[in-house]
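# Fold and geometry: a report
Each chain, letter by letter, is given below.
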Amino acid sequence: MQELVTTIDQSEIISAIDTVWVSLCAAIIFLMEAGFALLEAGFVRAKNAMSIIAKVMMDIAFGGLAFYVVGFGIAYGASNGWFAFDTGITNSDLGLGLTVSNKLFWFIQLGFAIAAISIVSGAVAERMKVWAYAIFVVIFCAIMYPLAANWVWNPNGWLAVRGFNDFAGSAAVHAMGGFAALAAAIVLGPRLGKYDQKGVPVAIPGHNLPLAAVGGFILWFGWFGFNPGSTLGAVGNWELIGTIATNTFLASAAGGVSTMFYTYFKYGQIDVTMTINGVLAGLVAVTAGCNVVGPDAAMLIGIIAGILVDVAVIFIDKIRIDDPVGAIAVHGVNGLFGTIAVGLFASEGGLFFGGGTDLLLTQCLGVLVIGAFSFTVTYIIMQIMDKTMGIRVSRSEETAGIDAVSFGVEAYTTFE
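Residues numbered from 1 in each chain as written. Predicted model: local features only at pLDDT ≥ 70, side-chain atom pairs only at ≥ 80, totals over all residues. Heavy atoms only, no water.

### Some thoughts on empty space enclosed by the protein
- One pass over the full model with this rule turns up 1 cavity of 30 Å³ or more.
- The space that makes up the largest cavity amounts to roughly 70 Å³.
- Around the largest cavity, the lining residues are F36, L39, E40, I119, N277, L280, V325, A327, V330 and H331.
- Those elements that provide at least two residues to the lining of the largest cavity are α1 (2-43), α9 (272-287) and α11 (327-345).
- When its residues are assigned to classes, the lining of the largest cavity shows 7 nonpolar, 2 polar and 1 charged. (1 Å grid on protein atoms, 1.4 Å probe; cavity = no way out; pocket = protein on both sides within 12 Å on 5 of 7 lines; lining within 4 Å. Points joined across faces, edges and corners; volume = space filled by probe spheres on them. Helix = DSSP H or I, 4+ residues; strand = E, 2+ residues; numbered from the N terminus. Nonpolar A, V, L, I, M, F, W, Y, C, P; charged D, E, K, R; others polar.)

### A look at the environment of G242
- Structurally, G242 is set in helix α8 (residues 238-267).
- Among the residues examined, G242 registers a relative accessible area of 32% and is labelled partly exposed.
- Note: C-alpha distance between G242 and N291 (49 residues apart in sequence) is 9.6 Å. (Buried < 20%, exposed > 50% of the residue type's maximum accessible area, 1.4 Å probe, protein only.)

### Quick look at the environment of E33
- For E33, the position within the fold is in helix α1.
- Residues E33 and G111, spaced 78 residues apart in sequence, show a C-alpha to C-alpha distance of 8.6 Å.
- Apart from residues no more than four positions distant in its own chain, E33 is found in contact with V56, D59, I60, I114, A115 and S118. (Contact = heavy atoms within 4.5 Å.)

### Quick word on α11
- Here α11 contains 19 residues, and its C-alpha end-to-end distance of 25 Å stays within 8% of the 27 Å for a straight helix at 1.5 Å per residue.
- Where α11 bends most, the angle comes to about 30°, and this point is N334. (Expected span 1.5 Å × (residues − 1). Bend = angle between axes of the 7 residues up to and from the residue.)

### Some details on the packing of aromatic side chains
- Overall, the coordinates contain 22 aromatic pairs when judged by the stated rule.
- Here the aromatic rings of W223 and F226 are separated by 5.7 Å at their centres, their planes lie at 50°, and the arrangement is tilted. With W223 and F226 both in helix α7 (residues 209-226) and 3 residues apart, the pair spans about one turn of that helix. Take W223 and F226: they sit in the same class, and that class is buried. (Phe/Tyr/Trp six-rings, centres within 6.5 Å; stacked < 30°, edge-to-face > 60°.)

### Concerning the pattern of salt bridges
- All told, the structure shown has 6 salt bridges when counted by the stated rule.
- One salt bridge connects E126 with R45, and the closest N-O pair in it is separated by 3.0 Å. With E126 in the loop between α3 (102-123) and α4 (130-153) and R45 in the loop between α1 and α2 (49-76), this pair connects stretches of sequence that are 81 residues apart.
- With a relative accessible area of 1%, E126 lands in the buried category.
- Linked through salt bridges whose partners overlap, the residues forming this network are R45, E126, R191 and D322. (Salt bridge = Lys/Arg side-chain N within 4 Å of Asp/Glu carboxyl O.)

### Here we look at the nonpolar core
- If you look at the biggest cluster of nonpolar residues, it comprises 112 residues, and the most contacted ones within it are F136, F140 and Y145.
- In terms of residue count, α4 provides more of this core than any other element does, 17 residues in total.
- Each residue touching Y145, except ones within four places of it in the same chain, is listed here: F67, Q109, F112, A113, A116, F140, W153, A172, V173 and M176.
- Judged by nonpolar contacts, the second largest core, of 7 residues, contains V44, A49, I52 and A125. (Core = buried A, V, L, I, M, F, W, Y, C linked by side-chain atoms within 4.5 Å.)

### What to know about the layout of surface pockets
- Empty space within the largest pocket amounts to approximately 750 Å³.
- Contributing to the lining of the largest pocket are 29 residues, with K194, T273, M274, V313 and D317 lying nearest its centre.
- Elements with a contribution of two residues or more to the lining of the largest pocket: α9 and α10 (295-318).
- In terms of residue count, α10 provides more of the lining of the largest pocket than any other element does, 6 residues in total.
- Its residues assigned to classes, the lining of the largest pocket shows 16 nonpolar, 5 polar and 8 charged.
- There is about 340 Å³ of room inside the second largest pocket.
- The wall of the second largest pocket is formed by 17 residues, among which V152, W153, D166, F167 and S230 lie closest to the centre.

Structure (structure tokens):
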């Protein structure tokens, strides 16, 4: 009898500790939406700042409800390897060995879903109709993102079964959101005045870079809930949590440093706005493998990501794809790189550590399928909406600013 009581007590203590841990991490992840809102608002013109705030609020509210109604069931229901179907939050065992309630697991996963769609909001800034965006948010969080999550994190998902390692979502969250952003930006077209008559890019500076920097710092902070929180429990995971936190910081810091040096030697001065994105690029890139790479590899991943983000931003601009905040380069390109980097740098199974090509091929397959799926479905949905309800604001509205025309309010006022 004493052994039974002890066992029950231990089980309850473990669940209590893990519940506190996951609750804290989930709350920190939720705060990342403030980071998205401030970063994106700072990177756009003042006349469109409030429209960005509205879109991020839609990510949370519309996306959160959609993820509750059907999204969670598609992601974590009884999967055939490709999809599942359930509604609400099931009480059934999800097969993940959870020591927290399914409801709390839903809440932390909600943070991942709305982070993925918030990537898109920045790429469509200053020109997309708010209600068209809301419709896409619902589709993305109800169906698109949950399918990718099913493949990667459902224990029966086809990528999970293959041994695909995407610990906290370089592919399922960031590449998923980044390639959706790419398709949306292509269909929308560039902002008025972004390219001259010869097709040469014209700089449209953000109106409040300190605001953007604060958003970047909040996202940086939030990543320490995003990555370590993906352990889904603290008991027995203290060494793993330490590894993940260390790798997360090292990659992000290395990303910022490499961007500083790269922009200094390329342009003759440090590009602070690009450095913000360099830090985020390092975070995105290490998110897939933060649990399986060593600290030196994490720094190298960050260094590469910090350079890659600037190269990608310039290339995307040259091919006339207008992304006001660099979301495609930060999340799409570095989500792709970070997922593949697992196959190269994983301490066990990585190509550079004697593991052969099996893991590398699995990582490449997984992220390419997720990226292609996200891009293709988004492109089709955007084209359908464009031809039916229209997705872009009018020329006069874009010129005047979405805030004043669509919301009747401006971010800054001289009213006394």
